[in-house]
Amino acid sequence: MAGEPDDDPRRRIPRTDAVLAHPRLAEAERVLGRAVVKSVVVTAQQRARAGEIAPDEVPGAALAALPTLASSSCAVLNATGVLVHTNLGRAPLSRAALDAVMTSGGNTDVEFDLTTGTRARRGRGALAALADAVPSAGDVHVVNNNAAALLLCALALAGDGGEIVVSRGELVEIGDGFRIPDLLASTGARLREVGTTNRTHLADYAEAIGPATAFVLKVHPSNFLVTGFTSEVAVPELAGLGVPIVADIGSGLLAPHPALPDEPDADTALREGARLVTASGDKLLGGPQAGLLLGDADLVQRLRRHPAARALRVDKLTLAALEATLRGPAPPVRAALDADLPPLLDRAARLADRLAAEGVDAVPVESAAAVGGGGAPGVRLPSAAVSLPEDYAAALRAGDPAVVGRIERGRCLLDLRTVAEDSDEQLLEAVRRCTS
Ligand SMILES: *Cc1c(COP(=O)(O)O)cnc(C)c1O
């Protein structure tokens, strides 16, 4: 027979099943699926048969040929000191919220009463948690984000050509070129701008209000400060005007926070007479992207019944994460906001010492963290950082997980207020990988 001699290395090519059992290929199969992994194994076996690679190189060749997951998301350690960093996905979810997302990924009772076996109100757990967190709200509703909450207010309350009265000092661009006034006008509502950039008075509102007025909108300038010769009209005064006040508080603080005395919160705004409050779920509340609507039961009902509400509704993952954020332990953003300075200084000293002992030019420094675009403009939160040579910044960003710090005066600062303490070892490892 023209068979291969017994010592033909091709006889030693491992079988497909044996290669697929390789731990890293088995792990890849979990993520990429069997068909993809099998095809790279078969290709590697063919290369071995053609003599291009040795038989024992088949698993390695298969691994090398795996497509990298074309994922647009790469895990990032936020060491910027910016608590709510829009470019880094805003609020990281709490452990409890992540677990809830995992569970709700399957079939759940999101719209079903397991006791009676009949349909139930969608997301009632999350809505009840939100209502419990803000007892001054007559009713609550949740949509995709705060922009959607504002859109729904405009559609349902002023979409028939009604007027929305708003101060020129509060015509905010929220980022990526999106502007709240344009968003409102897109619904068919008419915007009635009052006052000037720096000063708006109660009389400006009073003059503008008439039969066409649907509501007065009070927008929190959450990403900029106007200082100097300024004046604005607060919710309690506006509430006396006799038309509904809708307050876009932005950040999603549900109750006052001592470190952020100028940041509006939902409970206070409602107690002061706002009929509706809108806010984001993924800023200072520390939850998933969502738009929170709280207030007068009749108005919330009108929003909920508007046809567009169906297009703005949140999915079950968001509802689960929101409920866990509201009922569970403090989420990372809240922990970062509440962290005391001395432990941050200790951590910075310890991390810098360990790195310095390994020859890295690392020093602990005091720094200033910030809430970020998510609210409280101008507030500096005392913090501590590990200061490294500037060229660490790019190397750290290229790592896995990527670490994003902040450049200040020619140094790369890793600010610890936005890094959970249980990530310190990961941070250390990331710096070591850049050093070696
Ligand atoms: C962030 C913000 C918005 C937009 O909220 P999203 O949840 O990103 O849609 C609107 N208004 C104010 C005042 C904000 O701070």
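Model, not experiment: these values are computed from the prediction.

When its secondary structure is counted, the chain shows 17 helices and 17 strands. Along the first, second and third principal axes, the C-alpha set of the chain runs to 100 × 60 × 40 Å. Put simply, 73% of the contacts in the chain that link residues at least 6 apart link residues at least 24 apart. Computed over 44 positive and 55 negative side-chain charges, the separation of the two mean positions in the chain equals 5 Å.

The next subject is the side chain of Arg-406. Mapping Arg-406 onto the fold places it in strand E16 (residues 406–408). In this structure Arg-406 comes out as buried when scored by relative accessible area, which is 16%. Setting aside its immediate chain neighbours within four residues, Arg-406 contacts Ala-79, Thr-80, Gly-81, Ser-367, Ala-368, Arg-411, Cys-412, Leu-413 and Asp-415.

A few words on the packing of helix H3 (residues 34–49) against helix H4 (residues 58–65). Taken N-terminus to C-terminus, the directions of H3 and H4 make an angle of 130°; their axes are 8 Å apart at the nearest point. Here H3 is positioned oblique relative to H4, judged by the angle of their axes. Seen from above, H3 lies across H4 with right-handed handedness. Contact residues: Val-40, Val-41, Ala-44, Gln-45, Arg-47 and Ala-48 in H3; Val-58, Ala-61, Ala-62 and Ala-65 in H4.

Moving on to the pattern of salt bridges. Inspection of the entire model under this criterion finds 30 salt bridges. Ionic pairing is found between Asp-338 and Arg-334, a salt bridge with its closest N-O pair at 3.5 Å. Taken as a pair, Asp-338 and Arg-334 lie in helix H14 (residues 332–338) at a separation of four residues, close to a single helical turn. A residue is classified by how much of its surface remains accessible, and Asp-338, at 40% relative accessible area, is partly exposed. On the basis of relative accessibility, which here comes to 26%, the residue Arg-334 falls in the partly exposed class. Each member of the salt-bridge network shares a partner with another, and the members are Glu-111, Arg-119, Arg-122 and Arg-313.

On to the nonpolar core. Counting 28 residues, the largest nonpolar core has Ile-164, Phe-215, Leu-217, Leu-276 and Leu-303 as its most contacted members. At the level of secondary structure, the elements contributing two or more residues to this core comprise helix H7 (146–158), strand E5 (163–167), helix H8 (180–185), strand E9 (213–219) and helix H12 (297–305). For this core, the element with the most residues is H7, which contributes nine residues. Ile-164 has contacts with Ala-154, Ala-158, Leu-184, Ala-189, Arg-190, Leu-191, Arg-192, Phe-215 and Leu-217, leaving out every residue within four places of it along the chain. Residues Val-142, Ala-266, Val-277 and Leu-294 belong to the second largest nonpolar core, which totals 27 residues.

Our focus in this paragraph is empty space enclosed by the protein. Enumeration over the complete set of coordinates arrives at one cavity of 30 Å³ or more. In this structure, the largest cavity encloses a volume near 40 Å³. Along its surface, the largest cavity is lined by Leu-351, Leu-355, Val-386, Leu-414, Asp-424, Leu-427, Leu-428 and Val-431. Elements with a contribution of two residues or more to the lining of the largest cavity: helix H15 (341–357) and helix H17 (424–435). Considering every element that reaches the lining of the largest cavity, the biggest residue donor is H17, with four residues. Residue classes in the lining of the largest cavity are distributed as seven nonpolar, no polar and one charged.

Among the secondary structure elements, Glu-263 is positioned in the loop between strand E10 (245–250) and helix H11 (266–271). Despite being buried, Glu-263 has no salt bridge partner; Lys-283 is the closest side chain of opposite charge, sitting 7.8 Å away. Here the side chain of Glu-263 touches Ala-376 through a polar contact of 2.7 Å, landing on its backbone nitrogen. Ignoring any residue separated from it by four or fewer positions in sequence, one finds Glu-263 in contact with His-220, Ile-249, Ser-251, Leu-253, Leu-284, Gly-374, Gly-375, Ala-376 and Pro-377.

Under the present numbering, the feature "modified residue: N6-(pyridoxal phosphate)lysine" (unreviewed entry) in UniProt falls on Lys-283. By relative accessible area, which is 8% here, Lys-283 ends up buried. Dropping the residues within four chain positions of it, Lys-283 is found in contact with Val-84, Arg-90, Ala-91, Ser-222, Gly-250, Ser-251, Val-333, Gly-373 and Gly-374.

Attention shifts here to unusual backbone geometry. Pro-401 follows Asp-400 through a cis peptide bond whose omega is 0°. Relative to the helices and strands, Pro-401 is located in the loop between helix H16 (392–397) and strand E15 (402–404). One non-glycine residue, Arg-90, lies in positive phi territory at about 50°. In this structure, Arg-90 sits in the loop between strand E1 (76–78) and helix H5 (95–104). Taking the relative accessible area as the measure of exposure, Arg-90 reaches 24% and is therefore partly exposed. At Asp-176, a position not held by glycine, the phi torsion is positive, near 55°. The residue Asp-176 is located in the loop between strand E6 (173–175) and strand E7 (178–179) in this model. Its relative accessible area of 73% is what places Asp-176 among the exposed residues.

Okay, the site of the ligand next. With respect to spatial proximity, the complete set of residues near the ligand consists of Arg-90, Asn-145, Asn-146, Ala-147, Ile-174, Ile-180, His-220, Ser-222, Asp-248, Gly-250, Ser-280 and Lys-283. Arg-90 places a polar side-chain atom, nitrogen or oxygen, 2.9 Å from an oxygen atom of the ligand. In this structure, an oxygen atom belonging to the ligand sits 2.8 Å away from a main-chain N or O atom of Ala-147. Contact with the protein chains removes 94% of the 380 Å² of surface that the ligand exposes when unbound. Those elements that place two or more of their residues in the shell around the ligand are H7 and E10.

What counts, and at which threshold
- Residues numbered from 1 in each chain as written.
- Predicted model: local features only at pLDDT ≥ 70, side-chain atom pairs only at ≥ 80, totals over all residues.
- Heavy atoms only, no water.
- Helix = DSSP H or I, 4+ residues; strand = E, 2+ residues; numbered from the N terminus.
- Contact = heavy atoms within 4.5 Å.
- Lys, Arg positive; Asp, Glu negative; His and termini not counted.
- Charge placed at Lys NZ, Arg CZ, Asp CG, Glu CD.
- Buried < 20%, exposed > 50% of the residue type's maximum accessible area, 1.4 Å probe, protein only.
- Axes fitted to C-alpha atoms, helices over the stretch in contact; angles between N-to-C directions.
- Parallel < 35°, antiparallel > 145°, perpendicular 65-115°, else oblique.
- Left-handed = near helix turned anticlockwise from the far one by under 90°.
- Salt bridge = Lys/Arg side-chain N within 4 Å of Asp/Glu carboxyl O.
- Core = buried A, V, L, I, M, F, W, Y, C linked by side-chain atoms within 4.5 Å.
- 1 Å grid on protein atoms, 1.4 Å probe; cavity = no way out; pocket = protein on both sides within 12 Å on 5 of 7 lines; lining within 4 Å.
- Points joined across faces, edges and corners; volume = space filled by probe spheres on them.
- Nonpolar A, V, L, I, M, F, W, Y, C, P; charged D, E, K, R; others polar.
- Polar contact = N/O pair within 3.5 Å; in protein donor to acceptor, adjacent residues only side chain to side chain.
- UniProt positions renumbered as here; feature names shortened; annotations may be inferred.
- Near = heavy atom within 4 Å.
- Areas by Shrake-Rupley, 256 points an atom, 1.4 Å probe, with all protein chains shown as cover.

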